Amino acid sequence: DGQYQLKAIAMALEQLEDLPLTVMMDAPQVKNNGGADHLVYLAQRFPNMSFVIRRIMYPSMPFMVEAMYQAKNIYAECSWFHTRNAITMFSRHFGADRILFSLGKKGNGGAAMAAVTFADITEEEKDMIRWGNFKRLFPEATVKAIDNQVKNSYWTPFVEAGKVPD
């Protein structure tokens, strides 16, 4: 962290500009390497790419809100939110179609599942967050491929059906 600025990857992304690419970064990485300004620069410079930010906790919320207001191709991964009503707030301000669930390093799985389950949003929006947005951004991926990485027996039924097994 801090060894390079996010803007530095622009030259590499130019080589991939014509591909339907989704770039994933962790919030601490963004915060320590240029912050919202650099993230917004990349998102605006490459409007056909999607930028998914993972590991968003309360210290990262302000820059994520700022960045998401400025660029529609910035998405938030919500399993590390751990802030009361964050999913509801992000859904209302940016749309549930810009929130993804459970990508990257696992946070507190139970808390993350509960946050989606009890968010004050529609069931359709919860389905988008649990799985629909992932399928839209990563159409070739399967839940089994991801489940093999997560190693959480509750993850697959949660994202597919919106509930954990009895």
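Residues numbered from 1 in each chain as written. Predicted model: local features only at pLDDT ≥ 70, side-chain atom pairs only at ≥ 80, totals over all residues. Heavy atoms only, no water.

Bringing the nonpolar core into the picture now. If you look at the biggest cluster of nonpolar residues, it comprises 40 residues, and the most contacted ones within it are Phe 51, Ile 53, Met 64, Ile 74, Phe 81, Phe 90 and Ile 129. Discounting chain neighbours no more than four positions away, the residues touching Phe 51 are Leu 13, Val 23, Met 25, Leu 39, Leu 42, Ala 43, Phe 46, Asn 73, Ile 74 and Tyr 75. Leu 103, Trp 131, Phe 134 and Phe 138 belong to the second-largest nonpolar core, a separate cluster that totals 8 residues. (Core = buried A, V, L, I, M, F, W, Y, C linked by side-chain atoms within 4.5 Å. Buried < 20%, exposed > 50% of the residue type's maximum accessible area, 1.4 Å probe, protein only. Contact = heavy atoms within 4.5 Å.)

For the rest of this paragraph, the subject is the packing of aromatic side chains. Here the distance between the centres and the angle between the planes together describe a pair of aromatic rings. Enumeration over the complete set of coordinates arrives at 5 aromatic pairs. An angle of 25° between the planes, with centres 5.0 Å apart, marks the rings of Trp 131 and Phe 134 as stacked. In this pair, Trp 131 and Phe 134 are both assigned in helix H7 (residues 123-137), 3 residues apart and thus about one turn of the helix distant. A cation over a ring is seen here: Arg 55 above Trp 80, with NZ or CZ 5.1 Å from the ring centre. (Phe/Tyr/Trp six-rings, centres within 6.5 Å; stacked < 30°, edge-to-face > 60°. Helix = DSSP H or I, 4+ residues; strand = E, 2+ residues; numbered from the N terminus. Lys NZ or Arg CZ within 6 Å of the ring centre and 35° of its normal.)

Within a regular strand, the side chains alternate between the two sheet faces. Judged by which residues are buried, strand E3 (residues 74-77) turns out to be covered on both faces: Ile 74 and Ala 76 on one side and Tyr 75 and Glu 77 on the other are all buried. Bridge analysis of strand E2 (residues 50-54) against E3 gives 3 bridges, and the strand direction is parallel. Bridge pairing links Val 52 to Tyr 75 in E3. For the crossover that starts at E2, traverses helix H4 (residues 61-70) and ends in the parallel E3, the hand is right-handed. In this structure, E3 lies alongside strand E4 (residues 99-100), joined through 2 bridges in parallel fashion. Along E4, the bridge assignment pairs Glu 77 with Leu 100. Chirality of the crossover, the property in question, places the unit of E3, helix H5 (residues 86-94) and E4 among those that are right-handed. (Pairing = 2+ DSSP bridges. Right-handed = clockwise from strand over helix to strand, strands pointing away.)

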